[in-house]
Amino acid sequence: MNPEQFSPEHFGWHFADGVATVTLNRPERKNPLTFESYAELRDTFRALAYAPAVKAVIVTGAGGNFSSGGDVHEIIGPLTEMAMPELLAFTRMTGDLVKAMRACPQPIVAAIDGICVGAGAIMAMASDMRIATPTARTAFLFTRVGLAGCDMGACAILPRIVGQGRASELLYTGRMMTAEEGERWGFHNRLVDSETLEEEALTLARSLACGPTFAHGITKTQLNTEWSVSVETAIEMEAQAQAICMATNDFRRAFEAFAAKRTPEFAGD
């Protein structure tokens, strides 16, 4: 991927100063996802693992909403006509989007305004951090369309963010989580005004892009892989991970900057 020349068909893309912004941009329908946009998003996040120029990613929506999830007419309707093998291929594809978001080394910041439901809520959940506005409304509404709450990793990831009991309530009922609840429960890192959402997300993403990005990738890997290991194993994994980071030029740059009483300039190597 060349982030400066990349031009996706099914969502917006902007790249500058090491930050890539993915914008779900069907505002007239509150930015729903389609078969094609799922696949292109999956492929994009997979490609980001091989795009070192991209240091951080913002995911957001156009027109005052994040995403209304899977398009009712373009996805849900056709799904009712499919046989089981086709359905399984689809659900695996959507899960692959979450896998790709978690596997890409760049920190992902979700900037959430308005409606954030269904697969849109999953994309927000799969991001590393979430900044939202007071009007953000988030719902994992799968049970409201006759499906289980266990969609795209929700039963594994959401409890780790908000706790088992709160995740259970959201996944069983499919109800809207208000922005205030989301911040109080730890789903949103913070709330900001709608007018400053883009600026706040960009400021955070740029600060990450200016940091030791190789080390950020290690942190993301450890946050993912340590979910399923013992504390003893995690400590050993972190010992090895930190030793790897100590061999980087960024580690030396930080020491030299500290000794010279100046701010370090990291290069991600």
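Residues numbered from 1 in each chain as written. Predicted model: local features only at pLDDT ≥ 70, side-chain atom pairs only at ≥ 80, totals over all residues. Heavy atoms only, no water.

Attention shifts here to the side chain of E40. Along the chain, the position of E40 falls in helix α1 (residues 35-48). Buried charged residue E40 carries no salt bridge. Nearest counter-charge: R42, at 10 Å. Every residue in contact with E40, bar those within four places of it in the chain, is listed here: P8, E9, H10 and F11. (Helix = DSSP H or I, 4+ residues; strand = E, 2+ residues; numbered from the N terminus. Buried < 20%, exposed > 50% of the residue type's maximum accessible area, 1.4 Å probe, protein only. Lys, Arg positive; Asp, Glu negative; His and termini not counted. Salt bridge = Lys/Arg side-chain N within 4 Å of Asp/Glu carboxyl O. Contact = heavy atoms within 4.5 Å.)

With that settled, the discussion passes to the environment of D17. One can find D17 in the loop between β1 (12-16) and β2 (19-24). Among the residues examined, D17 registers a relative accessible area of 57% and is labelled exposed. For D17 and T133, which are 116 residues apart along the polypeptide, the C-alpha to C-alpha distance reads 25 Å. Apart from residues lying up to four places away in sequence, D17 is in contact with R206 and A209.

Turning to the sheet that holds strand β9 (residues 190-191), a few remarks are in order. The mixed open sheet is built from six strands, whose spatial order is β1-β2-β3-β4-β6-β9. Two strands close off the open sheet at either side, each with one partner strand: β1 and β9. The sheet contact formed by strand β4 (residues 108-112) and strand β6 (residues 129-132) spans four bridges and is parallel. Pairing of A110 across the sheet is with R130, part of β6. On the sheet, helix α8 (residues 197-209) packs against β2, β3 (56-61), β4, β6 and β9 and is oriented at approximately 155° with respect to β6. (Pairing = 2+ DSSP bridges. Axes fitted to C-alpha atoms, helices over the stretch in contact; angles between N-to-C directions.)

Before going further, it helps to spend a moment on the pairing of β3. Taking burial as the measure, the six residues of β3 include six buried ones, the bulk of the element. In terms of strand pairing, β2 meets β3 through six bridges, oriented parallel. When the bridges of β3 are listed, V22 appears paired with V59. Read from β2 through α1 to β3, the crossover connection turns out right-handed. Bridging between β3 and β4 involves four bridges; their strand directions are parallel. Along β4, the bridge assignment pairs V59 with A110. (Right-handed = clockwise from strand over helix to strand, strands pointing away.)

Time to look at the sheet that holds strand β5 (residues 115-117). Read across the open sheet, the three strands follow the order β5-β7-β8; overall the sheet is mixed. The open sheet is flanked by β5 and β8 (177-178), the only strands paired with a single partner. Here two bridges tie strand β7 (residues 137-139) to β8, and the two strands are oriented antiparallel to one another. Following the sheet pairing, R137 is matched in β8 by T178. Here helix α4 (residues 119-126) sits on the sheet in contact with β5 and β7, set at roughly 85° to β5.

The next point concerns the layout of surface pockets. In this structure, the largest pocket occupies an estimated 780 Å³ of space. Lining the largest pocket are 29 residues; nearest its centre among them are I76, L79, F142, V145 and L147. Mapped onto the lining of the largest pocket, the elements with two or more residues apiece are α2 (72-79) and α3 (84-103). Tallied by class, the residues present in the lining of the largest pocket amount to 17 nonpolar, eight polar and four charged. (1 Å grid on protein atoms, 1.4 Å probe; cavity = no way out; pocket = protein on both sides within 12 Å on 5 of 7 lines; lining within 4 Å. Points joined across faces, edges and corners; volume = space filled by probe spheres on them. Nonpolar A, V, L, I, M, F, W, Y, C, P; charged D, E, K, R; others polar.)

The phi dihedral of M152 falls on the positive side, at around 55°, and the residue is not glycine. Its location among the elements puts M152 in the loop between β7 and α5 (154-162). Positioned with a positive phi, K261 is a non-glycine residue whose angle comes to about 55°. Examined against the element boundaries, K261 turns out to sit in the segment after α11 (249-259).

Bear in mind that shape data such as this cannot, by itself, settle questions of function.
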